[in-house]
Structure formats: C-alpha cells, structure tokens
Amino acid sequence: RCLSDWSSDVCSSDLSIADAMLDLPVKTALLDGEIVVLGSNGTTSFADLQAAFQEGAKHTLTYFAFDLLHLDGRNLRDLTLEQRKVLLEKVLSQAEISDAIRLSEHLTGDAEQIFKKACELGAEGVVSKLATGRYAPGRGNSWLKLKCYQEQELVIGGFTRSEEHTSELQSLRH
C-alpha cells in the first residue's frame, strides 16, 4: 500500500506505483518518499498533483524514494541516513522497475550553491538532511526544508454597505 502522511491510500486510483513496488526484490519494505507529477522540463507540478488526486486528472505519477526504514523484517532506523541510502539504492538498482519509482539521489557539497542552482532550475526547493543522522519521525533538527519561492495563496476581499439598506451589502470585491 502507498500511505500518505494522513494514512490514506494514495495509490488506489493509480496502480502504476503500487505495481512497481511489487517488482522490488524484497519480501517486505517500508520506503519513505514523495509522489510527484513531473513536467516536461523535469520539475514537479504541485497543481497537477492536486488535480490528479482531487479531480482524477490523468497525470503520470512518479514516486521518488528517499529513505528505506525497514527491509525484510529488519528495522533500519538506527542506521545513518548514508547507510540507509546505500541499501535503498541497492534495492532499487536490483529491480526491473519502471519510471514509476525513482531514487531521490543526494548531493553533497556547498549547500548554498546547491540551493541556488536548484532554484535556478525551477525546483520547488531542497531538503537538507544530516548524513550521519538516524531516522526520527516527524519534524526534527536533523533535516531542513528550504523553499525557493516564499508564497501563499490567499483571497483578499472587501465590501461596501448599501447606503439605502444598512443591513445589506452593496457589492463584493475581490
């Protein structure tokens, strides 16, 4: 099953990711990752992802696996992120899987330069994780999400009162 943060099965409407998971050379595994819709330029589209889940729009979904927490009954959370990524890469490289599942590769180097380049390429941002960190659920101090664009969607509205009827609105503006 493909469970979201809220425990809903996000693969029930599009089985391509679930089918690809079945092709992994494991008995059981718990992967951590993110489902995205890739645009033609390789960047992700959150709007298209929302449309796929909420409106049933036909977009190709891709699962980027970035962590491996359990493998064939073995709890891996006490291993470092580097060790878990090596195991994850090995599992994914041994499988004949489609593009439905991809490894979210990690980069090392100057974090400021990596972030700047990601933003130049049109990425939403980057997630920085402590390579020697053990897995801890939820938000902690071993990882940081940096967004390229600091924006929020909101509606600003206003109204004017009717001069004739004080309990009525004359107009709504947006």
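Throughout what follows, the structure given in this document is the object of discussion. (Residues numbered from 1 in each chain as written. Predicted model: local features only at pLDDT ≥ 70, side-chain atom pairs only at ≥ 80, totals over all residues. Heavy atoms only, no water.)

1. Some remarks on the overall build of the protein
Consideration 1: Check the secondary structure of the protein and you find four helices and eight strands.
Consideration 2: Along the protein, helices (α) and strands (β) appear in the sequence α-β-α-β-β-α-β-α-β-β-β-β when read from the amino end.
Consideration 3: Here the protein, with 174 residues, has 24% of them falling under the buried criterion.
Consideration 4: Counting contacts in the protein only where the partners sit at least 6 residues apart, residues at least 24 apart contribute 54% of the total. (Helix = DSSP H or I, 4+ residues; strand = E, 2+ residues; numbered from the N terminus. Buried < 20%, exposed > 50% of the residue type's maximum accessible area, 1.4 Å probe, protein only. Contact = heavy atoms within 4.5 Å.)

2. Considering helix H2 (residues 46–54)
Consideration 1: Considered for burial, the residues of H2 that qualify are Leu49, Ala51 and Ala52. When H2 is viewed along its axis, its buried side chains cluster within an angular range of 160 degrees and face the same direction. Relative to its buried face, H2 has exposed residues pointing more than 90 degrees away, namely Phe46, Ala47 and Gln54.
Consideration 2: On its buried side, H2 packs onto strand S1 (29–37) and strand S2 (61–71).
Consideration 3: Gly56 occupies a position one or two residues after H2 and carries a positive phi of about 75 degrees. (Arc of directions from axis to C-beta.)

3. Topic: the state of the cysteines
Consideration 1: Tallied over the full model, the rule gives one disulfide.
Consideration 2: Each sulfur of the disulfide joining Cys119 and Cys148 lies 2.1 Å from the other. Taking the sign of the torsion about the S-S bond as the criterion, the disulfide between Cys119 and Cys148, at about -90 degrees, is left-handed. Of this pair, Cys119 sits in helix H4 (residues 111–120) while Cys148 sits in the loop between strand S6 (143–147) and strand S7 (158–161), and the two are 29 residues apart along the sequence. (Disulfide = S-S within 2.5 Å.)

4. Description of the pattern of salt bridges
Consideration 1: Inspection of every chain in the model, using the stated rule, returns four salt bridges.
Consideration 2: Ionic pairing is found between Lys117 and Glu120, a salt bridge with its closest N-O pair at 3.9 Å. Of this pair, Lys117 and Glu120 both sit in helix H4, three residues apart, which is roughly one turn of the helix.
Consideration 3: Of the charged contacts, one joins Glu124 and Lys147 as a salt bridge, the two residues approaching to 3.6 Å between their closest N and O atoms. (Salt bridge = Lys/Arg side-chain N within 4 Å of Asp/Glu carboxyl O.)

5. What about the environment of Lys147?
Consideration 1: Summarising the element assignment, Lys147 is placed in strand S6.
Consideration 2: Placed 22 residues apart in sequence, Lys147 and Gly125 show a C-alpha to C-alpha distance of 4.2 Å.
Consideration 3: With residues near it in sequence (within four places) discarded, Lys147 still touches Phe115, Glu124 and Gly125.

6. Describing unusual backbone geometry
Consideration 1: Positioned with a positive phi, Asp72 is a non-glycine residue whose angle comes to about 50 degrees.
Consideration 2: Counting through the fold element by element, Asp72 comes out in the loop between S2 and strand S3 (74–75).

7. Focus on the nonpolar core
Consideration 1: Core analysis: the largest hydrophobic core is formed by 21 residues, its most contacted members being Leu31, Leu61, Tyr63 and Leu68.
Consideration 2: When contributions to this core are tallied by element, the ones reaching two or more residues are helix H1 (16–22), S1, H2, S2 and helix H3 (81–94).
Consideration 3: Among the elements that make up this core, the one with the highest residue count is S2 (five residues).
Consideration 4: Residues contacting Tyr63, with those up to four places away along its chain left out, are Ile17, Met21, Leu31, Asp32, Gly33, Glu34, Ile35, Ala100, Ile101 and Arg102. (Core = buried A, V, L, I, M, F, W, Y, C linked by side-chain atoms within 4.5 Å.)

8. A look at the environment of Asp23
Consideration 1: Within the element layout of this structure, Asp23 appears in the loop between H1 and S1.
Consideration 2: On the accessibility criterion, Asp23 (47% relative accessible area) is partly exposed.
Consideration 3: For Asp23 and Gln94, which are 71 residues apart along the polypeptide, the C-alpha to C-alpha distance reads 9.8 Å.
Consideration 4: Those residues in contact with Asp23 that sit more than four places away from it in its chain are Ala95, Glu96 and Ile97.

9. Points about the side chain of Lys85
Consideration 1: With respect to the secondary-structure elements, Lys85 resides in helix H3.
Consideration 2: As a buried residue without a salt bridge, Lys85 has its nearest oppositely charged side chain in Asp67, at a separation of 7.4 Å.
Consideration 3: Within the structure, the side chain of Lys85 is placed 2.4 Å from the backbone oxygen of Ser104, a separation counted as a polar contact.
Consideration 4: Among residues more than four places away in sequence, those in contact with Lys85 are Phe66, Ser104, Glu105 and His106. (Lys, Arg positive; Asp, Glu negative; His and termini not counted. Polar contact = N/O pair within 3.5 Å; in protein donor to acceptor, adjacent residues only side chain to side chain.)

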